[in-house]
Amino acid sequence: MKKYFIIPLLILLLVAVGCKSTPKTNGDVETTTSDIRKPPPEPVIISHQYKGLGEVPEWVIMPIGKIEELPEHKGYYVFKESFSGRNLEGTKIQAQNFSVDDQIARMISVRIQSKYAGAVVGDSDMAEQYFEKVVKSIADGRVGGSKKYDEYWVQRRYFKDENTVEKEVFEYYLLIRVPMSEIKAAIARAFDGNKPKSEEETRARDLVKDALKDLD
């Protein structure tokens, strides 16, 4: 009888030891609200160009899509650019070196590439070379009528967490308008200076024109 009593007792002891030595899995770890890392607070404006005289203009905060919808910008292509730095004067210099022609060329390039994606125009390498020539002509040329519509600077404080400031930077904003008619004229000049020399380039030209015909 003692033999039959000892064996079940040993089994129970082994099971108990095994339960104590089994590590907790990730699902068994208890978490508290203090263990969850909170996102840092939103940046705050601590100073701005006309602090004490007025509020920060709405366009500084608005996304470009909303700015373009404003009635005063009808017939214009609007560029909103921002430059940041620890020093206000250095940030202003960055803004002064901004080239609207480069931005127009980049915008047109994006339109062409998105329209071209998946299209079949024969020799794709030749077509892409033609695209590049048109965009380069626009970038190298001058688009008339561009004008700085507004500018404004703010100073923002960024946080690492609730109790720690990560950095304070100046942000300089430019709002530039270009008449849509001038952009279309620049595109027309680029086409005139890059006459297609093959059937593939002719197809590429037509595709580019199709990509830009709704630029209004």
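We now turn to the structure provided with this report. (Residues numbered from 1 in each chain as written. Predicted model: local features only at pLDDT ≥ 70, side-chain atom pairs only at ≥ 80, totals over all residues. Heavy atoms only, no water.)

So, about the nonpolar core. Core analysis: the biggest nonpolar cluster contains 33 residues, and Ile104, Ile108, Ile138 and Ile183 have the highest contact counts within it. Counting only elements with at least two residues in this core, the list comes to strand E2 (76-85), helix H4 (88-96), helix H5 (100-116), helix H6 (124-140), strand E4 (164-179), helix H7 (180-192) and helix H8 (199-212). The biggest single contributor to this core is H7, with six residues. Within the second largest apolar cluster, 10 residues are counted, among which are Trp59, Val60, Val78 and Tyr173. (Core = buried A, V, L, I, M, F, W, Y, C linked by side-chain atoms within 4.5 Å. Buried < 20%, exposed > 50% of the residue type's maximum accessible area, 1.4 Å probe, protein only. Helix = DSSP H or I, 4+ residues; strand = E, 2+ residues; numbered from the N terminus.)

Attention shifts here to the pattern of salt bridges. Oppositely charged side chains can form a pair if their charged atoms are brought close together. Summed over all chains, the structure comprises seven salt bridges. Two residues, Arg157 and Glu168, come together in a salt bridge whose shortest N-O distance is 2.6 Å. On the criterion of sequence distance, the pair formed by Arg157 in strand E3 (residues 147-161) and Glu168 in strand E4 is long-range, its members being 11 residues apart. The partly exposed category is assigned to Arg157, whose relative accessible area is 27%. (Salt bridge = Lys/Arg side-chain N within 4 Å of Asp/Glu carboxyl O.)

Below, the discussion takes up H7. For H7, built from 13 residues, the straight-helix expectation of 18 Å at 1.5 Å per residue is met to within 8% by its first-to-last C-alpha distance of 19 Å. Within the span of H7, buried status applies to Met180, Ile183, Ala186, Ile187, Ala190 and Phe191. Seen end-on, H7 carries its buried residues on one side only, within an arc spanning 140°. Structural note: H7 exposes Ser181 and Asp192 on the side pointing more than 90 degrees away from its buried face. (Expected span 1.5 Å × (residues − 1). Arc of directions from axis to C-beta.)

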